[in-house]
Amino acid sequence: MRRARDTPGARAESGARAASGARAASEGGANAKKHRPWRRLRLPRFSALRLPRSRRGRRLAVQGLMALCVLALLPATWMRLGADARVGTTADAPAREVAMVFGAGLWKGRPTPYLAHRLDAAAELYRSGKVKVVLVTGDNSRVEYDEPDAMRTYLTERGVPDDRIVSDYAGFDSWDSCVRAKKIFGVDRAVLVSQGFHIHRATTLCRSAGIDAYGVAVDEPRDATWYYGGTRELAASGKAALDALFRPDPRFLGPQEAGVTEALASATP
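What counts, and at which threshold
Residues numbered from 1 in each chain as written. Predicted model: local features only at pLDDT ≥ 70, side-chain atom pairs only at ≥ 80, totals over all residues. Heavy atoms only, no water. pLDDT = per-residue confidence, 0-100. Contact = heavy atoms within 4.5 Å. Helix = DSSP H or I, 4+ residues; strand = E, 2+ residues; numbered from the N terminus. Expected span 1.5 Å × (residues − 1). Buried < 20%, exposed > 50% of the residue type's maximum accessible area, 1.4 Å probe, protein only. Pairing = 2+ DSSP bridges. Axes fitted to C-alpha atoms, helices over the stretch in contact; angles between N-to-C directions. Core = buried A, V, L, I, M, F, W, Y, C linked by side-chain atoms within 4.5 Å.

Looking now at the confidence of the model for the protein. Any region with low pLDDT has predicted coordinates that should not be read closely. Per-residue confidence for the protein gives a mean pLDDT of 81; residues scoring 70 or more make up 71%. Ignoring residues within four places in sequence, the model shows residues 1-19, a span with pLDDT below 50, making two contacts including any to other chains. Across residues 21-39, where pLDDT falls below 50, the model places three contacts with residues more than four positions away in sequence or in other chains.

Okay, here's the thing in structure tokens:
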């Protein structure tokens, strides 16, 4: 079989075919890129919000914004006005058998400063004889996070006997704590202990749950945590208003417990 001769003409013809193939491949690649559907996707562009151009439109926009602000503040205002006469200091608090302390977070297994101040107030109520039992209610949804036990340890270190402390391990929020105090532990009257930005909501919710509640507002410096708590109350008050209106069951209800009854019995001389 004869091999084709390698002539300049043959080489030129071969080069032309190679160039033509390269151009075709390049054009095919370009066309493929053009037809890739994801290449055509573009994120929507949001234009900046603009006030209406007409005077009437601007007036309506301002009125709508004001109405939204009023609606946002309404639940918090209702709770503050409704509970204001039932909130005071440890010195103002009436005698009750039970003090109820709401959890406020842990830091390295110990109560945060805000929670420690609540527990200090509860210990003062106990030492002054205004309460006989302290119900500590908090979150123990994880094995490594146990608010009630940390609260108990803190109180015993400050002179409150262990058998006068009752733990609620399913106080996942304020409404749950109030409902469980009433339905699970049989609390009818209590002194609630929390910071000023929270105590009005807690008092309103416990009263809605059927507890004759008086709130002790723990003083705090106006630091970043305090302002955060106050801002958070605006959102929390909306949920609290719905809880007080519809009265749902807590996340975990469970069977009745005799902890408070037994602690009060041991406190009776």
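This part covers helix α3 (residues 113-127). Helix length check: α3 (15 residues) gives 21 Å between terminal C-alpha atoms against 21 Å at 1.5 Å per residue, within 8%. Taken residue by residue, α3 has Tyr114, Leu115, Ala116, Arg118, Leu119, Ala121, Ala122, Ala123, Leu125 and Tyr126 as its buried positions. Gly129 sits one or two residues past α3 and shows a positive phi near 85°.

This brings us to the sheet that holds strand β8 (residues 212-218). Reading across from one edge, β1-β8-β7-β2-β5-β6 is the order of the six strands in this open sheet, with parallel pairing throughout. Whereas interior strands pair on both sides, the edge strands pair on one side only; in this sheet they are β1 (87-88) and β6 (165-168). Packing of helix α4 (residues 147-157) onto the sheet brings it into contact with β2 (98-102), β5 (133-137) and β6, and relative to β6 it is tilted by some 165°. Across the sheet, helix α5 (residues 174-183) lies against β2, β5 and β6, angled at about 155° from β2, the strand it touches most.

Counting residues in each nonpolar core, the largest one holds 28 residues, and the members touching the most others are Val187, Leu192 and Cys206. At the level of elements, β2, β5, α5, β7 (189-195), α6 (196-208), α7 (224-246) and α8 (259-267) are the ones that each hand at least two residues to this core. When sequence neighbours within four positions are dropped, the list of residues in contact with Leu192 reads Met100, Phe102, Ile199, Ala202, Thr203, Cys206, Ala213, Tyr214, Gly215 and Val216. Among the nonpolar cores identified, the runner-up in size contains 27 residues, and Ala93, Tyr126, Val134 and Val193 belong to it.

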